[in-house]
2 protein chains.
Amino acid sequence: MTPTQEKLLWRETFRVRSYEIDSKGKLSIQSLANYLMEAAFNHSYALQVSVIHLNRQGITWVLSRLHIQVERYPDWMDTVIVETWPSDKNDSFALRDFLVKDKAGRVIATATTSWMIMDIQTRRPVSIPEALGDLVYKEKDRAMNDNFDALPQLEEFQIKKEFNVRLSDLDLNQHVNFLNYIEWAIESVPPEIWKQYILKDLQVSYRAEAKLGDRVVVFSEQKNEKENKEFVHSILRANDNRELTRLTSCWKSK
Amino acid sequence: MTPTQEKLLWRETFRVRSYEIDSKGKLSIQSLANYLMEAAFNHSYALQVSVIHLNRQGITWVLSRLHIQVERYPDWMDTVIVETWPSDKNDSFALRDFLVKDKAGRVIATATTSWMIMDIQTRRPVSIPEALGDLVYKEKDRAMNDNFDALPQLEEFQIKKEFNVRLSDLDLNQHVNFLNYIEWAIESVPPEIWKQYILKDLQVSYRAEAKLGDRVVVFSEQKNEKENKEFVHSILRANDNRELTRLTSCWKSK
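No experiment lies behind these values; they were computed from the predicted model shown. (Residues numbered from 1 in each chain as written. Chains lettered and ligands numbered in written order. Predicted model: local features only at pLDDT ≥ 70, side-chain atom pairs only at ≥ 80, totals over all residues. Heavy atoms only, no water.)

Draft legend 1. Structural detail: the pattern of salt bridges. Considering all chains together, one arrives at 36 salt bridges over all chains under this definition. For Asp97(B), the salt bridge identified is with Arg142(B), shortest N-O distance 2.8 Å. Placement of Asp97(B) in strand S4 (residues 94-102) and of Arg142(B) in the loop between strand S6 (125-126) and strand S7 (159-164) is noted, with a sequence separation of 45 residues between them. On the basis of relative accessibility, which here comes to 0%, the residue Asp97(B) falls in the buried class. A residue is classified by how much of its surface remains accessible, and Arg142(B), at 22% relative accessible area, is partly exposed. A network of salt bridges, in which partner residues are shared, links Arg11(A), Glu83(A), Lys101(A) and Lys140(A). (Salt bridge = Lys/Arg side-chain N within 4 Å of Asp/Glu carboxyl O. Helix = DSSP H or I, 4+ residues; strand = E, 2+ residues; numbered from the N terminus. Buried < 20%, exposed > 50% of the residue type's maximum accessible area, 1.4 Å probe, protein only.)

Laid out in structure tokens, this is it:
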């Protein structure tokens, strides 16, 4: 059963809650990413291809890449509308894009994501099931033209910061929640930058999973000293130096 | 202007989101506490006595005590209704109680909280303003009869666990969010207990504030070996041994 094209576009409304703001009083990038994931989950649930549906077949969705560009962070109590749709797919990856709008319909953020299907037993990627073949919304361009080329490698780090995985960092699969890598990368950025600049562009490449008891090390490199502050972040597991996640962040002055 | 009694009862509906569940697939106690705080904030905002309103007078609300009893944790996607009302006050403290219900109206959790007013400049408690005198809902009994007697002192700890304060632990006032103390206390409980038991009763007494860069130490003592597992937790700041928070947790078998 192929859903009609109109069912492939999903809209969900959020009101920024008191506990979703950061220490600047704006919706935190973590909460924004949570809104994206919530809308994506609810859409996939409505389409009967959510993690809950796939788990019955022994497979699950795994987030591979995430790219968020933020125009403006909403304030506490603002209404935020997330539009999301499956934007493309090939044998290995399914893409899902996002437009985040304010109440007046102005775009305040755009995002694109790339997802793999993993076999739960073997923990290895498998092909995107053919049944998902028709699930591409064709009425809309990508929210952002990103081919998900490899993120730049860290060359020379100036910052090193270590974190212990906490119980509250874990998701339903007992792995570290995708958001924590974002939090750790942000925390590695010098305080004067997150005080005076705004995170405008965040790219994340997920590579391996961390578990409870792991210790993770964030290495961060500031790329230049121009108007914008750009960083490459590499997050490794301390005990075997396996790279778990690579990120880039770009901060613009307020 | 005194609001009518009916305005002193607030109802707010939440739907359990994908990122609000714990590693067992149930609404986490942290997210439940967030729901309580969100409903409390929105109610106080409607009554024009929220932190935002008080800040204009140089004062703010500070959570002093929290007691949550959970009958049953809702599932992902369940609808949860939080009822809250100002339940009592004296010169030093204002109480706010909570009933958490499922869609069918069955109570799944109860909670009570005690709040102080703090002068933002001096960081010292001040009397509850007289203008708040009429803000007590008299139509309903307390959700739970708790006089907020002092929590038991830790006698002999079996567990010691250390945490570094993370950037993402901070709230708008640059202090550690009240939830983190709960997370840290829970994480100090042995894994076999949070795997096989359910947190049924949680009491928290807030005493002092931690900041970014602080290292906190959780000491936990298991009180007995009866059917229920009971703990006393004391969270100290490492550099001056100041007690920041004291908690008790009671876990019942599933």
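Draft legend 2. Highlighting the relation of the copies chain A and chain B. Rotating chain A by 180° and moving it 0.0 Å along the rotation axis overlays it on chain B with an RMSD of 0.0 Å. On the angle and the small slide along the axis, the relation comes out as a two-fold axis. Both copies share a contact surface, since 100% of the interface residues of chain A are interface residues in chain B too. (Least-squares fit on C-alpha atoms with pLDDT ≥ 70 in both. Contact = heavy atoms within 4.5 Å.)

Draft legend 3. Quick peek at the interface of chain A and chain B. Facing 40 residues of chain A, the contacting portion of chain B comprises 40 residues. Summing both sides of the interface, chain A and chain B together bury roughly 3300 Å²; the carbon and sulfur share of this comes to 56%. Viewed at the interface, chain B and chain A are joined by 2 salt bridges. A salt bridge links Arg17(A) to Glu20(B), with the nearest nitrogen and oxygen atoms 3.2 Å apart. Between chain A and chain B we count 5 residue pairs in polar contact (both at pLDDT 80 or more) in total. Secondary-structure elements contributing two or more residues to the side of chain A that touches chain B are strand S1 (10-15), helix H1 (29-46), helix H2 (51-55), strand S7 (159-164) and helix H3 (178-188) of chain A. Of the residues belonging to the side of chain A that touches chain B, the class tally is 19 nonpolar, 10 polar and 11 charged. (Buried area = accessible area lost by both parts, 1.4 Å probe. Polar contact = N/O pair within 3.5 Å; in protein donor to acceptor, adjacent residues only side chain to side chain. Nonpolar A, V, L, I, M, F, W, Y, C, P; charged D, E, K, R; others polar.)

Draft legend 4. Quick look at helix H1 (residues 29-46) of chain B. Residue and element names in this part refer to chain B. The end-to-end C-alpha distance of H1 is 26 Å, a good match for the 26 Å that 18 residues give at a rise of 1.5 Å each. Here H1 lies mainly inside the structure; 16 of its 18 residues are buried. After H1 finishes, the residue Gln-48 shows a positive phi value of roughly 60°. (Expected span 1.5 Å × (residues − 1).)

Draft legend 5. Broad picture of the side chain of Glu20(A). Considering the arrangement of structural elements, one finds Glu20(A) in the loop between S1 and H1. On the accessibility criterion, Glu20(A) (3% relative accessible area) is buried. A polar contact is formed between the side chain of Glu20(A) and the side chain of Arg17(B), at a distance of 3.2 Å.

Draft legend 6. Structural context of the domain arrangement of chain A. Residue and element names in this part refer to chain A. The domain boundaries assigned to chain A delineate domain 1 (5-132) and domain 2 (159-253). The C-alpha-based centres of domain 1 and domain 2 are spaced at 20 Å. On the side of domain 2, 19 residues touch domain 1, which itself brings 18 residues to the contact. Together, the buried faces of domain 1 and domain 2 total about 1600 Å²; carbon and sulfur atoms form 52% of this surface. Three residues, Lys-24, Gln-30 and Leu-66, lead the burial of domain 1 against domain 2; their summed loss comes to 28% of the area buried on that side. Between domain 1 and domain 2 we count 1 salt bridge in total. Between Arg-123 and Glu-209 there is a salt bridge; the shortest N-O distance is 3.3 Å. Counting across the domain 1 and domain 2 interface gives 13 residue pairs in polar contact (both at pLDDT 80 or more). (Domains from an automatic or database assignment.)

Draft legend 7. Representation of the packing of H1(A) against H3(A) within the structure. Residues and elements named next belong to chain A. Relative orientation of the contacting elements H1 and H3 amounts to 160°, with a least axis distance of 10 Å. In this view, H1 runs roughly antiparallel relative to H3, as classed from their interaxial angle. For the pair H1 and H3, the crossing hand works out as right-handed. Every residue of H3 that contacts H1 at Ile-29, Gln-30, Ala-33, Asn-34 and Met-37 is listed here: Phe-178, Leu-179, Ile-182, Glu-183 and Ile-186. Along the lines of polarity and charge, the residues of the contact of H1 with H3 split into 7 nonpolar, 2 polar and 1 charged. (Axes fitted to C-alpha atoms, helices over the stretch in contact; angles between N-to-C directions. Parallel < 35°, antiparallel > 145°, perpendicular 65-115°, else oblique. Left-handed = near helix turned anticlockwise from the far one by under 90°.)

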